[in-house]
Amino acid sequence: MSNAVANSDASNFNKPEVSVSVRDENLKGKPETLSFPSVENLIAETLPFQNADQLVERILASWLKAFSLHECTFIWRECGSLSGRYSSLSNTGDIQHSQFPCSKNIEGLVEDASEKHPHYLNLQWLTLVLDEVPIGQIGFDKFVEIKVPPVWLSSTARLLGTALTWDQTLRENKLKALGEYAAGAGHEINNPLAAINGRTAQLLQQETDPHRKHLLQTIGAQTYRIRDMIGDSMLFARPPEIQLAKLNLSKLIESVVHQFAEEFSTRKLSLWGNREVDVMFMGDETQLSIVIAELLRNSLKAVDEGGRIEIDCHLQEVRNQSHVILRIADNGSGFSEEEREHCFDPFYSGRQAGRGLGFGLSKCWRIVTQHEGRIVLNESHGEMTEFIVSLPIKR
């Protein structure tokens, strides 16, 4: 297996082509040099697209079509995750999207993926670099020699980089819009709600009939329920400013987990983790404790008696900046495709599926974004469901 590097730096536009050699048994060692079509063709054939998977498929299809490849594959690793991902397209139109356990290094992705797909070791691989940071690798077959223009590779890297963040970016924009709606709606609903609650209290003081008194108490209780929901939505829309302090993430995890010690013992749950001791960063202790507690509570609702929960934390370089990575995973009931799409929505509930969503995960998303971080949901290898929180370390 050989490797080359594809850099998305604009300075590559004037650099010489990259020569890549790939073995093709049908050519029996005869030299063959091929040139790539224009980068405009690559971009045109990827548009329009509806989601990240479709964009990846169209990029791979462009490579297949341009050079009559047998197979084209893209592999990458999610930030902070213990899982790698791949998308593979064959010349018969078969598309595969899946995951595999991986190491922390981009350079080891091919070896990690080959545990599940041994033939990957026989493909030619190019490392795709976006803004001087490796984001993944693209593999293909068949040709003996290809003259790869850097502009083609840089455009591929940028398109694939867009695909990796597309769904997350759309989700964040949607949640921001929901937050603005919640702020306005909460204010408008609170005014008539206060009038209903006040009038109900007055009527209760004068009412002597037990049945009517019970009905008024029910009305009052429901207004308080609406008030609490509005309070949650307002907190989601307009959270308090973060109060930064120097924190040790490992110790913060321990203090939160201690609150659930009785439930772990009663339900015979196992807690695993690989936590670096000195993960220091600046953050709001109260708010980040809520994030850890809500994610842990979500896992506790999902696992059966004797289930397994994992909590990891470590430091990782992401786009040339140090990040704190928190991972909370469980082997409980997973998320359906619809639940994955709406898991951070403040007005969506998946409790009928056995894993409560409600406002808990919405609070997590809001607090993490307040810290300029990101939170993602992955269906990990080994039937584990994991949430990954990535927080930048401010110097």
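Residues numbered from 1 in each chain as written. Predicted model: local features only at pLDDT ≥ 70, side-chain atom pairs only at ≥ 80, totals over all residues. Heavy atoms only, no water.

**Some thoughts on the overall build of the protein chain**
No. 1: When its secondary structure is counted, the protein chain shows ten helices and 16 strands.
No. 2: When burial is assessed residue by residue, the protein chain has 47% of its 395 residues classed as buried.
No. 3: Sequence separation of 24 or more characterises 69% of the internal contacts of the protein chain that already satisfy a separation of 6 or more.
No. 4: Total accessible area on the protein chain stands at roughly 20000 Å², and carbon and sulfur atoms take up 51% of it. (Helix = DSSP H or I, 4+ residues; strand = E, 2+ residues; numbered from the N terminus. Buried < 20%, exposed > 50% of the residue type's maximum accessible area, 1.4 Å probe, protein only. Contact = heavy atoms within 4.5 Å. Areas by Shrake-Rupley, 256 points an atom, 1.4 Å probe, with all protein chains shown as cover.)

**A look at the packing of helix α6 (residues 249-258) against helix α8 (residues 285-302)**
When two helices pack together, their arrangement is given by the angle between the helix axes and by the axis-to-axis distance.
No. 1: Where α6 contacts α8, the two axes come as close as 10 Å, and the packing angle between them is 55°. By the angle between their directions, the pair α6 and α8 is classed as oblique. For the pair α6 and α8, the sense of crossing is right-handed. Each of Leu249, Leu252, Ile253, Val256 and Val257 in α6 lies in contact with α8, whose residues at this interface are Glu285, Leu288, Ser289, Ile292, Ala293 and Leu296.
No. 2: Of the residues in the contact of α6 with α8, the class split is nine nonpolar, one polar and one charged. (Axes fitted to C-alpha atoms, helices over the stretch in contact; angles between N-to-C directions. Parallel < 35°, antiparallel > 145°, perpendicular 65-115°, else oblique. Left-handed = near helix turned anticlockwise from the far one by under 90°. Nonpolar A, V, L, I, M, F, W, Y, C, P; charged D, E, K, R; others polar.)

**Description of the nonpolar core**
Nonpolar side chains in soluble globular proteins tend to end up buried together.
No. 1: Ranked by size, the top nonpolar core spans 41 residues in total, and within it Leu249, Leu295 and Ile375 carry the most contacts.
No. 2: Going through the elements one at a time, α6, α8, β13 (308-318), β14 (321-330), α10 (360-370), β15 (374-379) and β16 (385-392) are the ones with two or more residues in this core.
No. 3: The dominant element in this core, judged by the number of residues it contributes, is α8, at seven residues.
No. 4: In contact with Ile375, not counting residues within four places along its chain, are Gln168, Leu295, Phe344, Cys364, Trp365, Val368, Phe387, Ile388 and Val389.
No. 5: Judged by nonpolar contacts, the second largest core, of 27 residues, contains Phe49, Leu64, Ile135 and Phe140. (Core = buried A, V, L, I, M, F, W, Y, C linked by side-chain atoms within 4.5 Å.)

**Let's talk about helix α4 (residues 150-206)**
Residues spaced three or four apart along an α-helix point in a common direction, a consequence of the helix completing one turn every 3.6 residues.
No. 1: Compared with an ideal rise of 1.5 Å per residue, which puts 57 residues at 84 Å, α4 spans 82 Å between its outermost C-alpha atoms and is within 8% of the ideal.
No. 2: The sharpest bend along α4 measures roughly 45° and falls at Thr165. (Expected span 1.5 Å × (residues − 1). Bend = angle between axes of the 7 residues up to and from the residue.)

**A few points about the environment of Thr369**
No. 1: Positionally, Thr369 belongs in helix α10.
No. 2: Taking the C-alpha atoms as reference points, Thr369 and Glu172, 197 residues apart in sequence, are found 9.0 Å from one another.

**Points about a nonpolar patch on the surface**
No. 1: Together, Ile189, Ile226 and Met229 line one region of the surface with nonpolar side chains, adding up to about 230 Å² of accessible area.
No. 2: When you line up the elements, Ile226 lands in helix α5 (residues 210-237).
No. 3: For Ile226, a relative accessible area of 34% translates into the label partly exposed. (Patch = residues over 30% accessible without salt bridge, like charges linked within 9 Å, V, L, I, M, F, W, Y side chains within 5 Å. Salt bridge = Lys/Arg side-chain N within 4 Å of Asp/Glu carboxyl O.)

**Thoughts on the environment of Gln316**
No. 1: Looking at the secondary structure, you find Gln316 in strand β13.
No. 2: As a C-alpha pair, Gln316 and Leu391 span 75 residues in sequence and 9.9 Å in three-dimensional space.
No. 3: Within the structure, Gln316 has its side chain in polar contact with the side chain of His314 (distance 3.3 Å). (Polar contact = N/O pair within 3.5 Å; in protein donor to acceptor, adjacent residues only side chain to side chain.)

**Remarks on the packing of α8 against α10**
No. 1: Across the interface, α8 lies against α10 with an axial gap of 9 Å and an inter-helix angle of 145°. Both α8 and α10 take part in a crossing whose hand is left-handed. Residues Gln287, Leu288, Ile290, Val291, Glu294, Leu295 and Asn298 of α8 lie in contact with α10, whose contacting residues are Gly360, Leu361, Lys363, Cys364, Ile367 and Val368.

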